[in-house]
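Each chain is listed here by its residues.
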Amino acid sequence: MNSLYCFLATEGLIFLKRGLLPLLTPAQLPEPWLQSGCAYLVNESIKVSAQDYRRFLQQQYQNLPPSLKEMMNFDYFEQQSEAKRPEIEQSLIAQQQQAEAVKPFCAEGLQDWRILSMFEHWQDMQLWQSMAAEGQGLIVEFDLAQSGFQTQTYNDQAQHLREVQQVTSWLPEDDLYYLFNRPQESRLNQHEWRLVRKLAAADRKIEVQGAERAMYRLPTKAVKRVILGYRRSSEYCQQVKQYLSQDINYRHTECLQAQLDPKTLCLQTVVI
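Residues numbered from 1 in each chain as written. Predicted model: local features only at pLDDT ≥ 70, side-chain atom pairs only at ≥ 80, totals over all residues. Heavy atoms only, no water.

Engineer: It is not clear to me how the overall build of the chain should be interpreted in this structure. Could you clarify?
Structural biologist: From N to C terminus, the chain includes nine helices and 14 strands. By principal-axis analysis of the C-alpha atoms, the chain measures approximately 90 × 45 × 35 Å. Going through the 272 residues of the chain one by one, you find that 40% of them count as buried. In the chain, the share of contacts with a sequence separation of at least 24, taken over all contacts with a separation of at least 6, comes to 71%. (Helix = DSSP H or I, 4+ residues; strand = E, 2+ residues; numbered from the N terminus. Buried < 20%, exposed > 50% of the residue type's maximum accessible area, 1.4 Å probe, protein only. Contact = heavy atoms within 4.5 Å.)

Okay, here's the thing in structure tokens:
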């Protein structure tokens, strides 16, 4: 794999002109477990064993003031607690459910990461629809060898580039697990790669609709091709091609347009 493709919406040309890449917050990714306020299934089958119940009573007994412990032994304390056993068991079940609940977006440190999604292929119609403004955006093809995406740091902060894995068993190891893995049944495998950088490493921060947006330097030398959307006019495509040919940072970049083949309705690149 020598190239990765980055889908950008209608403001993609602005990012090229400014030499900046917008990276997303975890909450802006499509995975529901990264959104706040998600409802999680409660395990209704949890039961309190006799051993767990007795262990809880022993802990409660040990926490009694010495004066009360002198007035009763543990057996008597256990007998007196029997009347409240249903309430005690419900409390233990609630504690266990809370301990087992997985709320990944609350993981401390995850909010400090910013993410750029890239893909091994550019022809996926769903990606054009969802990430490239329904065919009005563009794609930037990056040469990985020139991009700097594969180094371990960026601006003296940690950097990671990994393929998103489809996993059959959800076994989180750390915060980054939630960004680089998804359950096998959740989405089709689109050969997605994610570049993850620290917010502190951002080259520029701007405010968009009251929210901070992190921007990172675009490696212009690594831009091999710019593929314009299939819903862009020929006049617009010519203007973009002319701009790229005149910008010293993009003179090496090939400018193409994605167009539908009427015989197959598949996307093909056409030289502008």
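Engineer: What's the story with a nonpolar patch on the surface in this structure? I'm lost.
Structural biologist: A cluster of nonpolar side chains, Met125, Leu260 and Leu265, forms an exposed patch at the surface whose accessible area comes to about 270 Å². Inspection of the secondary structure puts Leu260 in strand β13 (residues 254-260). Under the relative-accessibility criterion, Leu260 is labelled partly exposed at 42%. (Patch = residues over 30% accessible without salt bridge, like charges linked within 9 Å, V, L, I, M, F, W, Y side chains within 5 Å. Areas by Shrake-Rupley, 256 points an atom, 1.4 Å probe, with all protein chains shown as cover. Salt bridge = Lys/Arg side-chain N within 4 Å of Asp/Glu carboxyl O.)

Engineer: Looking at this model, I keep getting lost on the packing of helix α2 (residues 50-62) against helix α4 (residues 74-81). Mind explaining?
Structural biologist: The geometry of a pair of packed helices is captured by two quantities: the angle between their axes and the separation between those axes. Running from N to C, α2 and α4 cross one another at 115°; their axes reach a closest spacing of 10 Å. Once α2 is placed against α4, the crossing between them reads as right-handed. Seen from α2, the contacting residues are Tyr53, Arg54, Leu57, Gln58, Gln60 and Tyr61; seen from α4, they are Phe74, Phe77, Glu78 and Ser81. A breakdown of the residues in the contact of α2 with α4 according to their chemical character gives five nonpolar, three polar and two charged. (Axes fitted to C-alpha atoms, helices over the stretch in contact; angles between N-to-C directions. Left-handed = near helix turned anticlockwise from the far one by under 90°. Nonpolar A, V, L, I, M, F, W, Y, C, P; charged D, E, K, R; others polar.)

Engineer: Sorry, what's going on with unusual backbone geometry here?
Structural biologist: Peptide bonds are mostly trans, and most non-glycine residues show a negative phi. Phi is positive for Ala133, which is not a glycine, with a value near 55°. With a relative accessible area of 24%, Ala133 lands in the partly exposed category. A positive phi angle is found at Leu265, which is not glycine, with a value near 60°.

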